Amino acid sequence: MWHVIVALLLLLLLVLLPPHIHGGTTSSFMRNGYATDPLPLEAFPPPPGDNAPEQVHITQGDMVGRGMIISWVTPLLRHPNVVWYWKHGHDHEVHRVHSTVTSYRYYNYTSGYLHHATIKGLEYDTKYTYILGKGNSTRRFWFTTPPKVGPDVPYTFGVIGDLGQTPDSNQTLEHYLANPKKGQAVILAGDLSYADDHPNHDQRRWDTYGRFVEKSAAYQPWIWAAGNHEIDFDVDIGEYTPFKPYKKRYHVPYRVSGSTSPLWYSIKRASAYIIVLSSYSAYGKYTPQYQWLQQELPKVNRAETPWLIVIVHSPWYNSNGYHYMEGESMRVMFESWLVEYKVDIVFAGHVHSYERSYRYSNVKYNITNEACAPVKDQSAPVYITIGDGGNMEGIADHFIVPQPDYSAFREASFGHGILEIKNRTHAQWTWTRNQNNAAVPSDSAWFYNRYWYPVDESS
């Protein structure tokens with residue numbers, strides 16, 4: 001009889017106790033997880049012409065969007081080092097700006113001539129044409145400046161991470177370019193060329209990567225963040241300067257935000273304030289990056305730029321067995337600040353799959369208490385891991401089971417994201433997977449601004 005009573009009591013206890021609810025959705029879509037070889041060097045030939053400019057890419061050149069950094073490489077000669085540009089339809093008013101020119105050596109490689117020219121004083125929301133080279137090597141491109149910074153300015157960002165230069169990488173970039181939502185700028189959450197995955201960090205892979213992304217990066221600004229594959233530190237071949245190729249090739253306007261390093265900086269673009277951090281630079285207390293972020297966050301005026309976005313490489317919330325908890329020490333240092341200042345979204349790469357979180361934080365733990373689990377927090381960001389650009393190391397397909405409470409959606413696939421800021425209160429997020437050569441929208445969510453409309457999106 002007693003065992004019946006015990007069974008009834010246990011049943012009553014199960015009924016009365018609130019159920020433990022694990023996280024959201026783990027997609028059932030499965031794809032091959034094996035690594036994909038990079039496309040051959042011959043797949044990315046240089047453009048025709050004598051000393052033709054190549055690897056053209058642009059990024060915002062000032063704090064508010066009225067400047068543009070034009071970067072390119074000439075393989076043989078330093079000159080011409082001039083950008084000719086004009087407003088669309090005003091080709092009788094041609095302006096010019098000269099580039100600074102540099103180069104570098106890495107092991108047994110010597111780069112071409114690396115050009116960086118900053119155009120200043122551009123008009124907002126205006127299309128410009130620009131020309132590089134001369135004679136039979138002249139090349140023509142264009143870009144459109146962003147609208148003037150303001151709280152209700154709509155703007156659309158593409159978001160890609162860990163791109164590489166494989167067939168999967170090419171699918172990702174082609175799907176982004178063909179996306180009907182039409183991104184106006186790209187956020188690149190680190191890991192560009194994967195040159196360091198080749199023998200002796202084959203620097204030719206930096207050249208082929210620059211040619212590969214030119215079809216987008218020469219026409220709309222890419223907002224660069226550095227990942228672990230940009231470090232290029234290798235004592236075995238006598239290369240002791242971290243980030244040397246990346247910093248030589250990819251210039252950003254870090255000084256305008258008071259940063260002392262191109263690895264962390266900020267810009268305003270339309271209604272967004274974007275902060276780029278470096279997962280692989282010192283961030284402990286008293287370090288330059290720590291001190292910069294401590295001073296940077298209070299500067300953000302949410303009446304001017306409501307959407308506060310942070311880019312890192314190593315994710316802080318990741319339920320994949322790959323790179324699990326690698327971003328933990330940075331989270332411990334900075335998460336409380338991001339919650340205090342109501343950051344809306346944090347984009348990360350590194351893990352070669354896709355994951356979106358609910359709004360959770362883990363900021364109460366102080367080593368003497370037991371409050372060491374993430375909890376719902378409507379002041380916390382949504383964390384999006386988008387290291388699924390294509391890389392060359394394969395898919396990260398070892399998700400932790402059960403799915404943690406903080407995880408809203410996850411899938412082991414390649415793809416890209418689109419963030420459509422509608423106004424100061426609403427933004428729409430869509431993630432599109434690469435599926436058998438087709439682009440398939442597979443995850444979407446509305447985000448409510450944490451400053452102007454801090455409503456629970458999951459309610």
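The structure under discussion appears in the preceding block.
Everything in this summary refers to the structure shown in the same document. Each chain carries its own residue numbering, running from 1 in the written order of its sequence. Local features in a predicted model are, by the rule used here, given only for residues with pLDDT of at least 70; side-chain atom pairs are given and counted only at 80 or more, and totals for whole chains, interfaces and linings are based on all residues. Computation of side-chain values: all heavy atoms of the structure, hydrogens and water removed.

### With respect to the overall build of the protein chain
Our working rule: Numbering of helices and strands runs from the N terminus, with a helix taken as a DSSP run of H or I at least four residues long and a strand as a DSSP run of E at least two residues long. Between the two quantities, the radius of gyration covers C-alpha atoms and the globule rule is 2.2 Å times the number of residues to the power 0.38. Between buried and exposed lies partly exposed: a residue is buried under 20% and exposed over 50% of the maximum accessible area for its type, with that area taken using a 1.4 Å probe on protein chains only. Here a residue-residue contact requires only that any non-hydrogen atoms of the pair lie within 4.5 Å. Note that accessible areas follow from Shrake-Rupley with a 1.4 Å probe, and for residues the cover is restricted to the protein chains shown.
Each helix and strand counted, the protein chain has 6 helices and 26 strands in total. For a compact globule of 459 residues, the expected C-alpha radius of gyration is about 23 Å, and the protein chain comes in at 23 Å, within 12% of that figure. Taken along its principal axes, the extent of the C-alpha atoms in the protein chain is 100 × 50 × 45 Å. Each of the 459 residues in the protein chain was classed as buried or not, and the buried ones make up 58%. A sequence separation of at least 24 residues applies to 71% of the contacts in the protein chain between residues at least 6 apart. Surface exposure of the protein chain reaches about 19500 Å², of which carbon and sulfur atoms provide 56%.

### Regarding unusual backbone geometry
Excluding glycine, residues mostly have negative phi values, and the peptide bonds linking residues are mostly trans. The amide bond that connects histidine 79 to the next residue, proline 80, takes the cis arrangement and shows omega of 0 degrees. Looking at the element boundaries, proline 80 is found in the loop between β3 (68–74) and β4 (82–87). Here the residue pair valine 401 and proline 402 is connected by a cis peptide bond, since its omega of 0 degrees sits within 30 degrees of zero. One can find proline 402 in the loop between β22 (382–386) and β23 (407–411). Of note in the backbone geometry, aspartate 162 takes a positive phi value of approximately 50 degrees without being a glycine. Along the chain, the position of aspartate 162 falls in the loop between β12 (155–160) and α2 (167–178). Aspartate 162 gets classed as buried once you look at its relative accessible area, which sits at 0%.

### Some words on the side chain of threonine 145
Stated formally: Two N or O atoms count as a polar contact when they lie within 3.5 Å, although within protein this holds only if one can serve as hydrogen donor and the other as acceptor, and sequence-adjacent residues are included solely when both atoms are side-chain atoms.
Topologically, threonine 145 is positioned in the loop between β11 (139–144) and β12. Within the structure, threonine 145 has its side chain in polar contact with the backbone oxygen of glutamate 123 (distance 2.6 Å). Of the polar contacts made by the side chain of threonine 145, one reaches the backbone nitrogen of aspartate 125; its length is 2.9 Å. Discounting chain neighbours no more than four positions away, the residues touching threonine 145 are Gly65, Leu122, Glu123, Tyr124, Asp125, Thr126 and Tyr128.

### Focus on helix α3 (residues 204–217)
Going by this rule: In this scheme, a helix's expected span is set at 1.5 Å multiplied by one less than its residue total. Fitting axes to the seven residues that end at a residue and to the seven that start at it, the angle between those axes gives the bend at that residue.
Its 14 residues place the ends of α3 19 Å apart at the C-alpha level, agreeing with the 20 Å of an ideal helix rising 1.5 Å per residue. Arginine 211 marks where α3 bends most, by close to 25 degrees. Along α3, the positions that sit buried rather than exposed are Arg205, Trp206, Asp207, Thr208, Tyr209, Gly210, Phe212, Val213, Glu214, Ser216 and Ala217.

### Description of the nonpolar core
Applicable threshold: For this analysis, a nonpolar core means a set of buried residues of the types Ala, Val, Leu, Ile, Met, Phe, Trp, Tyr and Cys, connected via side-chain atoms within 4.5 Å.
In terms of nonpolar packing, the biggest core is built from 88 residues, with Phe157, Trp222, Trp224, Ile274, Phe334, Leu419 and Trp429 touching the most fellow members. If we ignore the near neighbours within four places in the chain, the residues touching leucine 419 are Tyr155, Thr156, Phe157, Ile309, Ile345, Phe347, Ala427, Gln428, Trp429 and Phe447. By size, the runner-up hydrophobic cluster in this structure holds 17 residues, among which are Tyr85, Ile119, Phe143 and Ala218.

### Regarding the sheet that holds strand β10 (residues 127–132)
So the rule is basically this: By the convention used here, strands pair only if DSSP detects at least 2 bridges between them. Only the contacting stretch of a helix is used when fitting its axis, a line to C-alpha atoms as for every element, and angles between N-to-C directions run 0 to 180 degrees.
Here 4 strands make up an open sheet; going across it, the order is β5-β4-β10-β11 and the pairing antiparallel. Of all the strands in the sheet, just β5 (95–98) and β11 have a single pairing partner and so form its edges. Adjacent strand axes in the sheet meet at a mean angle of 25 degrees when their direction is disregarded. Relative to β11, β10 runs antiparallel, the two being bridged by 6 bridges.

### A closer look at the environment of aspartate 344
Inspection of the secondary structure assignment puts aspartate 344 in the loop between α6 (328–340) and β18 (345–348). The buried category is assigned to aspartate 344, whose relative accessible area is 0%. In this view, aspartate 344 contacts Arg302, Pro306, Trp307, Leu308, Arg359, Pro381, Val382, Tyr448, Asn449 and Arg450; residues no more than four positions away in its chain are not counted. A polar side-chain atom of aspartate 344 sits 2.9 Å from a polar atom in the side chain of arginine 302.

### What to know about the packing of α2 against α3
Filter applied, for reference: Angles below 35 degrees are treated as roughly parallel, those above 145 as roughly antiparallel, those between 65 and 115 as roughly perpendicular, and all remaining angles as oblique. Following the grouping adopted for this structure description, the nonpolar residues are Ala, Val, Leu, Ile, Met, Phe, Trp, Tyr, Cys and Pro, the charged ones are Asp, Glu, Lys and Arg, and the polar ones are all others, Gly among them.
Remark: α2 packs on α3, axes separated minimally by 10 Å, with the N-to-C direction vectors making an angle of 10 degrees. Taken together, α2 and α3 sit at an angle that is classed as roughly parallel. The segment α2 lies against α3, with Ser169, Asn170, Leu173, Glu174, Tyr176 and Leu177 engaging Phe212, Val213, Lys215 and Ser216. Of the residues assigned to the contact of α2 with α3, the class counts are 5 nonpolar, 3 polar and 2 charged.

### Re the sheet that holds β23
Strand order in this open sheet of 8 strands is β1-β23-β19-β22-β18-β17-β16-β15, and the pairing throughout is mixed. On the outer flanks of this sheet lie β1 (25–26) and β15 (265–269), each paired with one strand and no other. Together, β15 and β16 (272–276) form the strand contacts of helix α5 (residues 288–296), whose direction differs from that of β16 by roughly 165 degrees.

### A short note on the packing of α5 against α6
The condition is simple: For any helix crossing, the convention is left-handed if the near helix is rotated counterclockwise from the far helix by under a right angle, and right-handed if that rotation is clockwise.
With their axes 11 Å apart at the nearest point, α5 and α6 run at an angle of 15 degrees to one another. On the basis of the axis angle, α5 is roughly parallel to α6. Judged by the twist between their axes, the crossing of α5 over α6 is right-handed. Along the contact surface, α5 presents Gln289, Tyr290, Leu293 and Gln294, while α6 presents Met330, Met333, Phe334 and Trp337. Classifying every residue of the contact of α5 with α6 gives 6 nonpolar, 2 polar and no charged.

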